[in-house]
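Remarks on the overall topology
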Amino acid sequence: MNKIVISQKNAWKILFFLCAIVALNVPGSIFYNDYSEKLVVLLGMIEIAITGLICVKSNKVNSLLATGVAEFVTPFFAVTVISCVSAAVIHQTSNVSDITQSFIRAIQIAAVFIIAYNAVKKFEKVSLDILLAAGCVSYATVVLCVISGKLDVSRLESHGFIEATGLLFIYYCLSRSYSLRQKLARCLLCATILLLGGKRVAWIGIAWSLFVYFLFFKIKERKDRIIKITMISYFAVAFIYLILIKNGYFSLILARLGVADNMRLSFWNFFRDSYELSPFYLGRGIQYTDNRMILSSTKGALRITNNVGIHNDILRTYIGWGFIPFLYYYYNLFVLNLKKIKRKFNNANIWLYFAIVSYCFVNYMVDYMITYIPFNICLFIICLLINIEEQ
């Protein structure tokens, strides 16, 4: 009888595939569980320790690791520290979990990033294919359960996974690392999931990111100017958005257009008195809104029974971080990261990076993605691949 021999490299791929199923934790799938976040953080902390020991032993830090940490981990920890100090000192929060759980969110970011880094280091662009395969397997079980009548058709939305699939679609569509046939196969898989999921924000985000990307290539000689204009536009949109929400105008606009808000406006209006639109406003910790949403008094006031977030990361991070940290984080995301990438990786396709974060910005406006593990593992792997991918 012939023995089945699995190479060490394939064994690592299988392990990452299983890790990806846990990290994506597709809602409604047979693999969905309540312990995913804890398992991912535990694995991430182990990888942080191992990676740290390797860096100490070799007395050097991989440039991809250093740049990635500077892009995502350090800024998140910086705004977390500032907002937690202001929550304790300025707002004198009586709920210590506003502080402790905000730090836990920062630790989650670091844990997910190091998992993404090690996956890219070991498998390069194959890491994204493994992630897609894990997502397809998990989502297929959702589809089968809907077909069999075990789940309602609304469960096809699979919150978080569909938005993460949008990231994969954009990267596969725009990356130059794949042949036309490879692009078509991967994009068709992603498009099928996106169509079944039916998330409007994902399609709007994809359309906008593709527009931004092709705009850069249409006006090559003025790319820097386009970047500046787009960046200023993003900040202007973010603050106009916050002003409209704060003053109740956004609800009037939606009502005039006949757009259903699915309770989101009720959530956003509930926090109207919790923040000020002022350069002097300091945050309450990114976990503040989440903690208030799970209180029985909040649920009673909003007439809801389950635990939900406010589904608006722009508002959530502004309330949580405060004016200056909010500006810093998004300025870093949209502008400083481009400079960091160009400094370390001259041939990196930075315009693809900007298209990706443009998609993120659209999702952040109406959803709950900035600390969502499935979304971030896709985002971090893609951004690390962009760093090492030639234009």
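The preceding data block contains the structure.
Notes on the structure follow.

Conventions and cut-offs
Residues numbered from 1 in each chain as written. Predicted model: local features only at pLDDT ≥ 70, side-chain atom pairs only at ≥ 80, totals over all residues. Heavy atoms only, no water. Helix = DSSP H or I, 4+ residues; strand = E, 2+ residues; numbered from the N terminus. Buried < 20%, exposed > 50% of the residue type's maximum accessible area, 1.4 Å probe, protein only. Contact = heavy atoms within 4.5 Å. Phe/Tyr/Trp six-rings, centres within 6.5 Å; stacked < 30°, edge-to-face > 60°. Lys NZ or Arg CZ within 6 Å of the ring centre and 35° of its normal. Polar contact = N/O pair within 3.5 Å; in protein donor to acceptor, adjacent residues only side chain to side chain. Patch = residues over 30% accessible without salt bridge, like charges linked within 9 Å, V, L, I, M, F, W, Y side chains within 5 Å. Areas by Shrake-Rupley, 256 points an atom, 1.4 Å probe, with all protein chains shown as cover. Salt bridge = Lys/Arg side-chain N within 4 Å of Asp/Glu carboxyl O. Lys, Arg positive; Asp, Glu negative; His and termini not counted. Charge placed at Lys NZ, Arg CZ, Asp CG, Glu CD. Axes fitted to C-alpha atoms, helices over the stretch in contact; angles between N-to-C directions. Parallel < 35°, antiparallel > 145°, perpendicular 65-115°, else oblique. Left-handed = near helix turned anticlockwise from the far one by under 90°. Nonpolar A, V, L, I, M, F, W, Y, C, P; charged D, E, K, R; others polar. Core = buried A, V, L, I, M, F, W, Y, C linked by side-chain atoms within 4.5 Å.

**Considerations on the environment of Leu315**
Turning to its location among the elements, Leu315 is positioned in helix H14 (residues 313-321). Here Leu315 falls in the buried class, since its relative accessible area comes to 0%. Sequence separation between Leu315 and Thr289 is 26 residues; the distance between their C-alpha atoms is 9.5 Å. Apart from the residues within four sequence positions on either side, Leu315 is in contact with Leu242, Ile245, Trp268, Tyr275 and Ile310.

**A few points about the packing of aromatic side chains**
Counted according to the given criterion, the structure contains 35 aromatic pairs. Note on Tyr172 and Tyr178: the rings are 5.4 Å apart at their centroids and 75° apart in plane angle, and the pair reads as edge-to-face. Owing to a relative accessible area of 7%, Tyr178 belongs among the buried residues under this scheme. When the ring centre of Trp12 is taken as origin, the NZ or CZ atom of Lys122, which lies over that ring, is 4.7 Å away.

**Considerations on H14**
Burial runs high along H14: nine of the nine residues are buried. Of the positions making up H14, those classed as buried are Asp313, Ile314, Leu315, Arg316, Thr317, Tyr318, Ile319, Gly320 and Trp321. The opening residue of H14 is Asn312, an N-cap whose side-chain oxygen sits 3.2 Å from the backbone nitrogen of Ile314. Gly322 sits one or two positions beyond H14 and adopts a positive phi of about 95°.

**Side note on a positive patch on the surface**
On the surface, Arg225, Lys228, Lys339, Lys342, Arg343 and Lys344 cluster together into a patch of positive charge. Elements supplying a minimum of two residues to the positive patch: helix H9 (223-246) and helix H15 (323-344). Top contributing element to the positive patch by residue count: H15, with four residues. Inspection of the secondary structure assignment puts Lys339 in helix H15.

**Quick notes on the packing of helix H3 (residues 63-89) against helix H17 (residues 373-388)**
Pairs of packed helices are described in terms of their axes, by the angle between the two and the distance that separates them. Look at H3 against H17: their axes get within 11 Å of each other, and the N-to-C directions meet at 130°. Judged on the interaxial angle alone, H17 and H3 are oblique. Like other packed secondary-structure pairs, H3 and H17 cross with a definite hand, here right-handed. In contact with Leu64, Thr67, Gly68, Glu71 and Phe72 of H3, H17 contributes Leu379, Phe380, Cys383, Leu384, Asn387 and Ile388. Among the residues forming the contact of H3 with H17, the class breakdown is seven nonpolar, three polar and one charged.

**Brief notes about the nonpolar core**
One recurring pattern in soluble globular proteins: nonpolar side chains tend to sit buried together. In terms of nonpolar packing, the biggest core is built from 129 residues, with Ile314, Tyr330, Phe334, Tyr364 and Ile381 touching the most fellow members. With 13 residues, the top contributor of residues to this core is helix H16 (residues 350-366). Beyond its immediate sequence surroundings of up to four residues, Tyr330 is in contact with Phe235, Asp313, Ile314, Thr317, Trp321, Tyr364 and Ile370.

**Side note on the environment of Ala119**
With respect to the helices, strands and loops of the structure, Ala119 is situated in helix H4 (residues 97-123). A relative accessible area of 4% places Ala119 in the buried class. C-alpha separation for the pair Ala119 and Asn247, spaced 128 residues apart in sequence, amounts to 45 Å. For Ala119, the residues in contact, after removing those within four places along its chain, are Phe16, Glu124, Ser127 and Ile381.

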